[in-house]
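Take a look at the letters that make up each chain.
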Amino acid sequence: MAKPKVAFYWCASCGGCEETIVDLAEDILGVVEAVDIALWPVAIDMKRKDVEAWEPGDVAVAFINGAVRLSEQKEWVELLREKCSLVIAFGSCAHMGGIPGLANATNREEIFANKYHRSPTVANPDGIVPQEQTNVDGYDLELPTFWKDVKPLNEVIDVDYYLPGCPPPFDLVATAVGAILEGKLPPKGSVIAPEKALCDTCERNDTKPDEMTITEFKRTATSTPDPEKCFLADGFLCMGPATRSGCGERCINGNMPCRGCFGPTPDAIDPGLKLLAAIASRGEADSEEDAKALADSLVDPLGTYYRFGLPASMLKRSADTERAQT
Amino acid sequence: MISLTIDGQVVEVEDGSTVLQAARKLEIQIPTLCTHKALLPYGACRVCLVEIEGSRGSWLETSCTFPAQEGLVVNTTSDRVLRTRKIVLELMLARCPEVEVVKELAAEMGLEDTRFPKKGEDCILCGLCVRVCGEKMNAGAVHFVNRGTGKAVEPPYDRHSAVCMACGACEVVCPTGCVDLSKITTHQPRPIPSEFDEGLSSRGSIYVPFAQAVPNTPVIDKDTCIRLLNGDCGACQAFCEADAIDYDQEDTIEEVDVGAVIVATGFKLFDSKLINRYGYGKFDNVLSAMEFERISHASGPTLGKVIMKDGRSPQAVAILHCIGSRDENYHEHCSRVCCMYSLKFAHLVKEKTDAEVYNLYIDMRAFGKGYEEFYKRVLGEGVHFIRGKAADVTDVSETPEEKGKLIVVAEDTLLGVTRRLPVDMVILSGALTPSPDSADVGRVFSLGCSQGGFFLERHPKLAPVDSMSDGIFLAGACQGPKDIPDSVAQGAAAAAGALSLIDKGKVVIEPITAEIIEDRCAGCQLCIANCPYAAIEYDKEKNISVVTEELCKGCGTCVAGCPSGAAHQKNFEDEQIFSEIEGILTGSEV
């Protein structure tokens, strides 16, 4: 029997998800033994026409990482959807929008203005901005459309499963691949990770005080967390209580609070809002000034509560983008 | 057991008893000045002489040291005994002619005077102090020095002793009151202030908290008891006939399962030291209301006599209302009871002394049954009422009449003048304030606090006895300042409320409660601190939080605050809310 084929593809991503595969080092030989890698732009040179030549169902599974913001990305993922039996949103960006999704906090015009005009390292006296249609030396050039906002993969195509994490830890990837090979698939739309929040497996959970109160937020940039203590109890905002476990507590073991890359637990409608409500319920301030000081001590609340999930959240995008659309 | 005959009566005593103990068993009175139940027999005072009858005639022995023997025949009232005892007392009276206990005993024996030259000593050399210090306190800070006529009790080399713990046992046992602790010890003697008497009297290390204490049994103060501190003393055990004193007893915490709780933790009187212009704590005769309450009480430190610190009867007394209450700087509330107890104080001072009494009030709040009538009665007793809050209490006199007095300065708002009232005693009618630990108690019982810090009732008019939590009731001043009749009424209502719950045998709960999905809870425990009803507990083994349904009021705080969405509100799910929102948003199109 021929080995099943898998495809890897990337959209708006940093390449970290590819790194998960590369990090396997010689173990990748085991993977190659089990499956054939049909597409992997980071490592294998293939053109779109090669993929277009596939028959639907030729490739068993496509692992797509990265968020979607360009029309070209949309075309590619739609193509893969057509040709592959299963599509797995691989990593936080495909799952929820991820770090690139924070661009939804601003709008396309601002991004272009910063990138091509305002940035101190940019010298652009003619004010040239990339255009979708350009004629250079008599040739018509076409660039993909830069959408007004970033979308998670499931807003563009139908997604079968989600592998969360930034990047997903390989044991989860192995679990998913194993399940696919053995045909023991969970219900469609499942996030392949435990359903409980990170506190469940966090060793520091035992150090939580009976009555936790938060009077100020510290930053890891300016102070070092206690290596044993629960981060929240120590005054650092930790996304752990609102984030799925299964990551292997990689950040916690590095003495960094959870940043929330695994996304919300199945019952949480909106991860940022749920944690915000939880934190607000434990904040303590005697006066209006103290309350303001407490709120102000959390630098960049949007980027903290929605670091990985802004496009997939109830907020989706900033109101500016919303207005620009209409 | 040993059997012996005393004054013709046969008595059985344990081996090792003394003749004195045998006589006391027969309730035969033998006077003695140097015996003490907790100390070894010593035979110093010789007053307890008895006649022992033997086969070859009789002889005299001190009954406190002579061992009881089988078949012994003792006579305690023979002529020879009485004659000799009289001589002993006459000699003692010559040594200590002014000592009360000796004079009394001599008078009992028919002695009016002594034939020997008087010396004017105050120590009868009974050795009780020496023995209690050596035997019981294991200190030996005082001892006999010299012999014969030069014999005396002193610390070593007649210098202040550093081994003396200043426990005061020698003072307590001395029958003549001649021990002056300050001449013995290098330490500062610190009397233990009686909590119940507001520190106006002192108490022992073993004491009954107050006359009507429930249970009415003594307690040992483990911070001052020498036995518990050093393992010495143990004198009280020798006195307890019921053998009820157990020094090995430990504090225990007892857990009781109950169906209802009545919180009646009371109030704390405002600390008048916080307003230093009234001189409380600075002037001897500026008293708090509670201190005056003890002074005026028949069982109080002065046995009900209204006297000043120096023992004189006051010529004028000022009673200052609203100290710390109705005052934006301290407590805004009216303490409700002060007007009436201040009137009672005025009445008591009038009744017990000839003093002039001044009540300085903001306005008189004599509400309710019999109160206005009492106010009228006190007005008729010649008490001076001055409408104006006292501004100052000072001892700086401006006129000869004010010299040596406390001067209360106040504006008389009815006359429109500033008055200076020279008085001997000032009573501060302080505010009723919440107990200092009310925040902790509130946390234990999930009680909220109203403005001012008193516990919050469920409804000021319709549920004044209930708290926000079912089965927890409030009674008395912990819920707000109130007088005795109101406290009794609220207490009875709370008891009835608790009884009706217990009597029913079952509790009806609302269907809308919170539930934590076991498979989804990560055990972050944030909900536990959020629950205002203490209805969530952490299951350490399963590492999850669990809602106790009987306690849950369905307020939804835990549901809103659950970061992982594991907490759900039954019949009130997010989906329902979203459907409602959708319905509202699409309503216009339908």
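Novice: When you look at the overall build of chain B in this model, what are you seeing that I'm missing?
Specialist: Along its length, chain B carries 15 helices and 25 strands. Computed over C-alpha atoms, the radius of gyration of chain B comes to 35 Å, more than 25% over the 25 Å expected from 2.2 N^0.38 for 590 residues, which places it beyond the range of a compact globule. Seen through its C-alpha atoms, chain B measures out along the principal axes to roughly 130 × 75 × 45 Å. For chain B, the proportion of its 590 residues judged to be buried stands at 44%. Across chain B, contacts joining residues at least 24 apart in sequence account for 55% of those joining residues at least 6 apart. Carbon and sulfur atoms make up 52% of the accessible area of chain B, which amounts to about 32,600 Å² in all. Computed over 58 positive and 85 negative side-chain charges, the separation of the two mean positions in chain B equals 8 Å.

Novice: Any chance you could explain the domain arrangement of chain B here in plain terms?
Specialist: Bring the parts together and some accessible area is lost; that lost area is often taken as the interface size. Residues and elements named next belong to chain B. The domain architecture assigned to chain B consists of domain 1 (2-108), domain 2 (128-183), domain 3 (259-507) and domain 4 (514-583). Placing the centre of domain 1 and that of domain 2 at their C-alpha centroids yields a distance of 25 Å. Each partner contributes residues to the interface: domain 1 has 12 residues there, and domain 2 has 10 residues. For the pair domain 1 and domain 2, the summed buried area comes to about 930 Å², and 63% of that belongs to carbon and sulfur atoms.

Novice: Honestly, the domain arrangement of chain A in this entry has me stumped. Any pointers?
Specialist: Residue and element names in this part refer to chain A. For chain A, the domain assignment lists domain 1 (5-97 + 151-182) and domain 2 (198-305). Here the C-alpha centroids of domain 1 and domain 2 sit 32 Å apart. Across the boundary between the two partners, domain 1 contributes 10 residues, which contact 8 residues of domain 2. If you sort the residues of domain 1 by the area they bury against domain 2, Met 96, Pro 164 and Pro 169 come out on top, with a joint share of 53%. Across the domain 1-domain 2 interface, the total number found is 0 salt bridges. For the pair domain 1 and domain 2, the interface holds 2 residue pairs in polar contact (both at pLDDT 80 or more). Looking at side-chain class alone, the side of domain 1 that touches domain 2 contains 7 nonpolar, 3 polar and no charged residues.

Novice: Is there a simple way to think about the pattern of salt bridges in this case?
Specialist: Two side chains of opposite charge can pair, provided their charged atoms sit close to one another. Taken as a whole, this structure holds 47 salt bridges over all chains when the rule is applied. The closest approach of N and O atoms between Glu 241 of chain B and Lys 37 of chain B, which form a salt bridge, is 3.6 Å. One end of the pair, Glu 241 of chain B, is in the loop between α7 (235-239) and β10 (261-263); the other, Lys 37 of chain B, is in the loop between α1 (19-25) and β3 (49-54), and 204 residues separate them in sequence. What makes Lys 37 of chain B partly exposed here is its relative accessible area of 49%. The residue Glu 293 of chain B makes a salt bridge to Lys 344 of chain B at a minimum N-O spacing of 3.0 Å. Remark: Lys 344 of chain B occurs in helix α9 (residues 338-352) and Glu 293 of chain B occurs in helix α8 (residues 289-295); sequence separation between them is 51 residues. On the basis of relative accessible area, Glu 293 of chain B is assigned to the partly exposed category, the value being 25%. Note on Lys 344 of chain B: relative accessible area 29%, which makes it partly exposed. Salt bridges sharing partners connect three or more residues here, namely Arg 81, Asp 158, Asp 160 and Lys 188 of chain A.

Novice: Help me understand the interface of chain B and chain A in this model?
Specialist: With 25 residues of chain B at the interface, the matching set in chain A holds 24 residues. The three residues of chain B that bury the most area against chain A are Arg 520, Leu 526 and Pro 563 of chain B, which together make up 28% of that side's buried surface. Taken together, the connections running from chain B to chain A amount to 2 salt bridges. Note that Arg 520 of chain B is salt-bridged to Asp 267 of chain A, the shortest N-O span being 2.4 Å.

Novice: I would appreciate a short explanation of the packing of aromatic side chains in the present structure.
Specialist: Following the criterion strictly, the structure yields 15 aromatic pairs over all chains and no others. For the pair Phe 270 of chain B and Tyr 330 of chain B, a centre-to-centre distance of 5.6 Å together with 70 degrees between the ring planes defines the contact as edge-to-face. Residue Phe 270 of chain B is found in the loop between β11 (267-269) and β12 (286-288), and its partner Tyr 330 of chain B is found in the loop between β13 (316-323) and α9; the two are separated by 60 residues along the sequence. What links up through ring pairs into an aromatic cluster is the set Phe 8, Trp 40, Phe 63 and Phe 90 of chain A.

Novice: I keep staring at the confidence of the model for chain A and nothing clicks. Help me out?
Specialist: Regions with low pLDDT should not have their predicted coordinates read in detail. This prediction gives chain A a mean pLDDT of 90; 98% of its residues lie at or above 70. Element-level mean pLDDT values for chain A span from 62 in helix α13 (residues 319-325) of chain A up to 96 in helix α4 (residues 71-83) of chain A.

Novice: Sorry, what's going on with the side chain of Asn 205 of chain A here?
Specialist: On the secondary structure map, Asn 205 of chain A appears in the loop between α7 (170-182) and α8 (231-234). Of the polar contacts made by the side chain of Asn 205 of chain A, one reaches the backbone oxygen of Gly 523 of chain B; its length is 2.8 Å. Residues contacting Asn 205 of chain A, with those up to four places away along its chain left out, are Cys 199 of chain A together with Ala 522, Gly 523, Cys 524, Gln 525, Tyr 538 and Asn 543 of chain B.

Novice: Is there a simple way to explain the sheet that holds strand β1 (residues 2-6) of chain B in this structure?
Specialist: Paired through their backbone hydrogen bonds, the strands of a sheet run either parallel or antiparallel. Residue and element names in this part refer to chain B. If you trace the 5 strands from one edge of the open sheet to the other, you get β2-β1-β5-β3-β4, paired in mixed fashion. The strands lining the two open edges of the sheet, one partner per strand, are β2 (9-13) and β4 (57-62). Between one strand axis and the next, the sheet turns through 35 degrees on average, direction left out of account. Sheet analysis places β3 next to strand β5 (residues 73-75), joined by 3 bridges and oriented antiparallel. Of the residues in β5, the one forming a bridge with Ile 52 is Val 74. Where helix α2 (residues 79-95) meets the sheet, its contacts fall on β3, β4 and β5, and the angle it forms with β3 comes to roughly 145 degrees.

Novice: Would you take a moment to explain the packing of α2 of chain B against helix α3 (residues 100-108) of chain B for this structure?
Specialist: Packed helices, taken two at a time, are described by the angle their axes make and the gap between the axes. Residue and element names in this part refer to chain B. Viewed as axis vectors pointing N to C, α2 and α3 meet at an angle of 145 degrees, and their least axial separation amounts to 10 Å. Judged by the sense of rotation from one axis to the other, the crossing of α2 with α3 is left-handed. For the pair α2 and α3, contact is made by Leu 89, Met 92 and Leu 93 and by Val 102, Lys 103, Leu 105 and Ala 106, respectively.

About the criteria used
- Residue positions are counted from 1 within each chain, in the order its sequence is given.
- To read the labels, note that chains go from A and ligands from 1, taken in the order they are written.
- Per-residue local features of the predicted model are confined to residues with pLDDT of at least 70, and side-chain atom pairs are confined, for both listing and counting, to 80 or more; whole-chain, interface and lining totals are unaffected and use all residues.
- The side-chain figures draw on all heavy atoms in the structure; neither hydrogens nor water molecules are used.
- Numbering of helices and strands runs from the N terminus; a helix is a DSSP stretch of H or I covering at least four residues, while a strand is a stretch of E covering at least two.
- Note that the radius of gyration is over C-alpha atoms, with the globule rule given as 2.2 Å times the number of residues to the power 0.38.
- Only protein chains enter the accessibility calculation, which uses a 1.4 Å probe; a residue whose area is less than 20% of its type maximum is buried, one above 50% is exposed, and one in between is partly exposed.
- It only takes one pair of heavy atoms within 4.5 Å for two residues to be counted as in contact.
- Only the protein chains shown count as cover for residues, with accessible areas throughout obtained via the Shrake-Rupley method and a probe of 1.4 Å.
- Only four residue types enter the tally: Lys and Arg on the positive side, Asp and Glu on the negative side; His and the chain ends are excluded.
- A charged residue contributes its charge at one atom only: NZ of Lys, CZ of Arg, CG of Asp or CD of Glu.
- These domain boundaries are the output of an automatic or database domain assignment.
- Buried area, as used here, totals the accessible surface that two parts lose on assembly, with accessibility defined by a 1.4 Å probe and the loss added over both.
- By salt bridge we mean one thing: a side-chain nitrogen of Lys or Arg within 4 Å of a carboxyl oxygen of Asp or Glu.
- Within 3.5 Å is the distance limit for a polar contact, defined as a pair of N or O atoms, with the added protein rule that one can donate a hydrogen and the other accept it, and that residues adjacent in sequence qualify only through two side-chain atoms.
- Residues were grouped as follows: Ala, Val, Leu, Ile, Met, Phe, Trp, Tyr, Cys and Pro as nonpolar; Asp, Glu, Lys and Arg as charged; and all remaining residues, including Gly, as polar.
- A pair of aromatic rings is counted whenever rings of Phe, Tyr or Trp (Trp by its six-membered ring) have centres within 6.5 Å, and the orientation is called stacked for planes under 30 degrees apart, edge-to-face for over 60 and tilted otherwise.
- Each residue carries a pLDDT value, the predictor's own confidence for that position, ranging from 0 to 100.
- Between any two strands, pairing holds if DSSP finds at least two bridges.
- Each axis is a line fitted through C-alpha atoms, and for a helix only the stretch in contact is used; angles between axes span 0 to 180 degrees, taken between their N-to-C directions.
- By definition, turning the near helix anticlockwise from the far helix through less than a right angle yields a left-handed crossing, and turning it clockwise yields a right-handed one.

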